[in-house]
Amino acid sequence: MPIFLLVIYQLAQLNNFKFGKLIFNLPVIQYMNKISYAFFLAQFFTWDLTLILRFKFTWFETYTNIKIISVSLIICLVISSLLYELVEKPMKKVLKKFV
């Protein structure tokens, strides 16, 4: 627990340095920040698709764990991007009209 708290503290302090500001202002990091909630929700759909792919293709026979994690990460990123662009963005616009 103390090491975890130290990592969080160091990441929070990273924003005070020029290098940290440079990293946090990268477009990729900004986009990942925007899709973080959709990424959490996309995990519910990711593992079923990964298991289907695992049993249909022989590509997973060697280095299985690394490939499964890599493929599931890519699937989760794609699903979360779709959820963000097709659901979350339009709903923000609709909800702003009512608030």
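## Focus: the overall build of the protein
Next up, step 1: A count of helices and strands for the protein gives five helices and zero strands.
Next up, step 2: Helices (α) and strands (β) of the protein occur, in sequence order from the N terminus, as α-α-α-α-α.
Next up, step 3: Taken over the C-alpha trace, the protein has a radius of gyration of 18 Å; the compact-globule value for 99 residues is 13 Å, which it surpasses by more than 25%.
Next up, step 4: Projected onto its principal axes, the C-alpha positions of the protein cover 50 × 45 × 25 Å.
Next up, step 5: Considering the protein as a whole, with its 99 residues, one finds that 17% of them fall into the buried category.
Next up, step 6: A fraction of 58% describes how many contacts in the protein between residues 6 or more apart in sequence connect residues 24 or more apart.
Next up, step 7: Roughly 8,400 Å² of accessible area belongs to the protein as shown, and the carbon and sulfur atoms make up 73% of that amount.
Next up, step 8: The averaged location of the 4 negative side-chain charges in the protein is 13 Å from the averaged location of its 11 positive side-chain charges.

## What about the pattern of salt bridges?
Side chains that differ in charge, positive against negative, can pair when their charged atoms come close.
Next up, step 1: Per the counting criterion, the structure on display carries two salt bridges.
Next up, step 2: As a salt-bridge pair, Glu88 and Lys92 come within 3.9 Å of each other at their nearest N and O atoms. Here Glu88 and its partner Lys92 are both found in helix α5 (residues 64-98), four residues apart, which amounts to about one turn of the helix.

## Considering the nonpolar core
Next up, step 1: Ala42, Phe60, Ile68, Val71, Ile75, Cys76 and Ile79 together form the largest nonpolar core, which totals seven residues.
Next up, step 2: The element contributing the most residues to this core is α5, with five residues.

## Digging into the side chain of Ser80
Next up, step 1: Its location among the elements puts Ser80 in helix α5.
Next up, step 2: When residues no more than four places from it in sequence are discounted, the contact partners of Ser80 are Ile35, Ala38, Phe39 and Ala42.

## A look at the packing of helix α3 (residues 27-34) against α5
Next up, step 1: Here α3 crosses α5 at 70°, and the two axes come no closer than 10 Å. Of the possible angle classes, the one that applies to α3 and α5 is roughly perpendicular. Here α3 contributes Tyr31, Met32 and Lys34 to the contact with α5, which in turn contributes Leu77, Ser81, Tyr84, Glu85 and Glu88.
Next up, step 2: Considering only residue class, the contact of α3 with α5 consists of four nonpolar, one polar and three charged.

Thresholds applied
Residues numbered from 1 in each chain as written. Predicted model: local features only at pLDDT ≥ 70, side-chain atom pairs only at ≥ 80, totals over all residues. Heavy atoms only, no water. Helix = DSSP H or I, 4+ residues; strand = E, 2+ residues; numbered from the N terminus. Rg over C-alpha atoms; globule rule 2.2 N^0.38 Å. Buried < 20%, exposed > 50% of the residue type's maximum accessible area, 1.4 Å probe, protein only. Contact = heavy atoms within 4.5 Å. Areas by Shrake-Rupley, 256 points an atom, 1.4 Å probe, with all protein chains shown as cover. Lys, Arg positive; Asp, Glu negative; His and termini not counted. Charge placed at Lys NZ, Arg CZ, Asp CG, Glu CD. Salt bridge = Lys/Arg side-chain N within 4 Å of Asp/Glu carboxyl O. Core = buried A, V, L, I, M, F, W, Y, C linked by side-chain atoms within 4.5 Å. Axes fitted to C-alpha atoms, helices over the stretch in contact; angles between N-to-C directions. Parallel < 35°, antiparallel > 145°, perpendicular 65-115°, else oblique. Nonpolar A, V, L, I, M, F, W, Y, C, P; charged D, E, K, R; others polar.

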